[in-house]
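# Secondary and tertiary structure notes
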Amino acid sequence: MARLNTLRYGRAAVLLLTGAYFLVPLACAVAFSIGAGVPGQDIGFEAYTGILAAGGFTDSLALTLELAAATIVLVLGLLVPALVTVRLAAPRLRTLVEVVCLLPLVVPAVALVAGFSAVLGWGSDHFVGTPLFQVLVELQNPQFPLVLVLAYTLMALPLAYRTLDTGLAAIDLRVLVEAARACGAPWPRTLLHVVLPNLRGALLNTAFLTLALVLGEYTVAAILGYQPFAVWILAISGSQAQMSVAVSVMGLLVTWVLLLIIATAGRARRPKETS
């Protein structure tokens, strides 16, 4: 009995410390954003009510969401067919695919963007007047920089690979595919109507992790000279520090809400299937 009480107290202490680790900095950020403890300033919510009217907020957020959507599509379009093919037809290549997908973990963002800059600069010098030069120009289009989509895709590969690989390991992929093929379904229909619905949770988690990465990524975009959401937050921190903190707090809360929605959506399917 005494040992059981000790375990309970230990768990409670761990939960309290963990909660304090996350909630105390958040509470301090909220207090600063509303002016609590700031000398000569009254408490108010101007930092929150003025977010939508802040210069550059809408443009930077829209650009980031567009980049996130394109990155999610590209990541899923590359990894899902590749992992399904490896599991069904080429299991010996699984180690190679895993190494390639996890390689961005050991490449710092600064080194990655330095490589992109070197390639883009070399291409601009050597392909002037050719169709390839126009491709390089479009990659760096400030309205929608595809070079950021490529960089974010590389950075998201380790997270996406682990999530999708775990999802595929949780289903009997070979039986599902063979059953669909035996019923006369072509490969595209098998993938869309049989495999993907069984990967719903893994797909949602991959999309969420990729979205969170794009929303918070700063180094690559700043060095390449673009201003998505994370770069905009730092840009206004010098002149509007409280608004910068308020935007960060709101972004964190929205991320938590999205995580809860995805977790709920992943669980809601199970009772329906078993009933």
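A quick note: this is a predicted structure, and the numbers were derived from the prediction, not measured.

### Looking at the confidence of the model for the protein
- Put simply, the protein has an average pLDDT of 85, and 94% of its residues get 70 or more.
- The lowest-confidence element of the protein is helix α13 (residues 241-274), averaging 73 in pLDDT; the highest-confidence one is helix α7 (residues 146-169), averaging 93.
- Every residue in residues 271-275 scores below 50 in pLDDT, and together they form 0 contacts with partners more than four places removed in sequence or on other chains.

### Topic: the nonpolar core
- Judged by nonpolar contacts, the single largest core of 46 residues is most densely connected at L79, L148 and L173.
- Secondary-structure elements contributing two or more residues to this core are α3 (57-89), α4 (94-102), α5 (109-126), α6 (131-139), α7, α8 (173-182), α10 (200-216) and α11 (219-224).
- Residues in contact with L173, not counting those within four places in the same chain, are V84, R87, L88, L168 and V195.
- Counting 15 residues, the second largest nonpolar core, distinct from the first, contains L26, I34, F229 and I233.

### Things to note about the pattern of salt bridges
- Overall, the coordinates contain 3 salt bridges when judged by the stated rule.
- R162 serves as the salt-bridge partner of E98, at 2.8 Å between the closest nitrogen and oxygen. With a gap of 64 residues between them, E98 in helix α4 and R162 in helix α7 connect regions that are remote in the sequence.
- Its relative accessible area of 41% is what places R162 among the partly exposed residues.

### Here we look at the packing of α3 against α10
- Orientation of α3 relative to α10, taken along the N-to-C sense of each, is 140 degrees, at an axis distance of 9 Å. It follows from the interaxial angle that α3 and α10 lie oblique. Between α3 and α10 lies a crossing whose hand is right-handed. In this structure, α3 uses T64, L65, L67, A68, T71, I72, V75, L76 and V80 to contact α10, whose residues at the interface are L203, T206, A207, T210, L211, V214 and L215.

Cut-offs and rules
- Residues numbered from 1 in each chain as written.
- Predicted model: local features only at pLDDT ≥ 70, side-chain atom pairs only at ≥ 80, totals over all residues.
- Heavy atoms only, no water.
- pLDDT = per-residue confidence, 0-100.
- Helix = DSSP H or I, 4+ residues; strand = E, 2+ residues; numbered from the N terminus.
- Contact = heavy atoms within 4.5 Å.
- Core = buried A, V, L, I, M, F, W, Y, C linked by side-chain atoms within 4.5 Å.
- Buried < 20%, exposed > 50% of the residue type's maximum accessible area, 1.4 Å probe, protein only.
- Salt bridge = Lys/Arg side-chain N within 4 Å of Asp/Glu carboxyl O.
- Axes fitted to C-alpha atoms, helices over the stretch in contact; angles between N-to-C directions.
- Parallel < 35°, antiparallel > 145°, perpendicular 65-115°, else oblique.
- Left-handed = near helix turned anticlockwise from the far one by under 90°.

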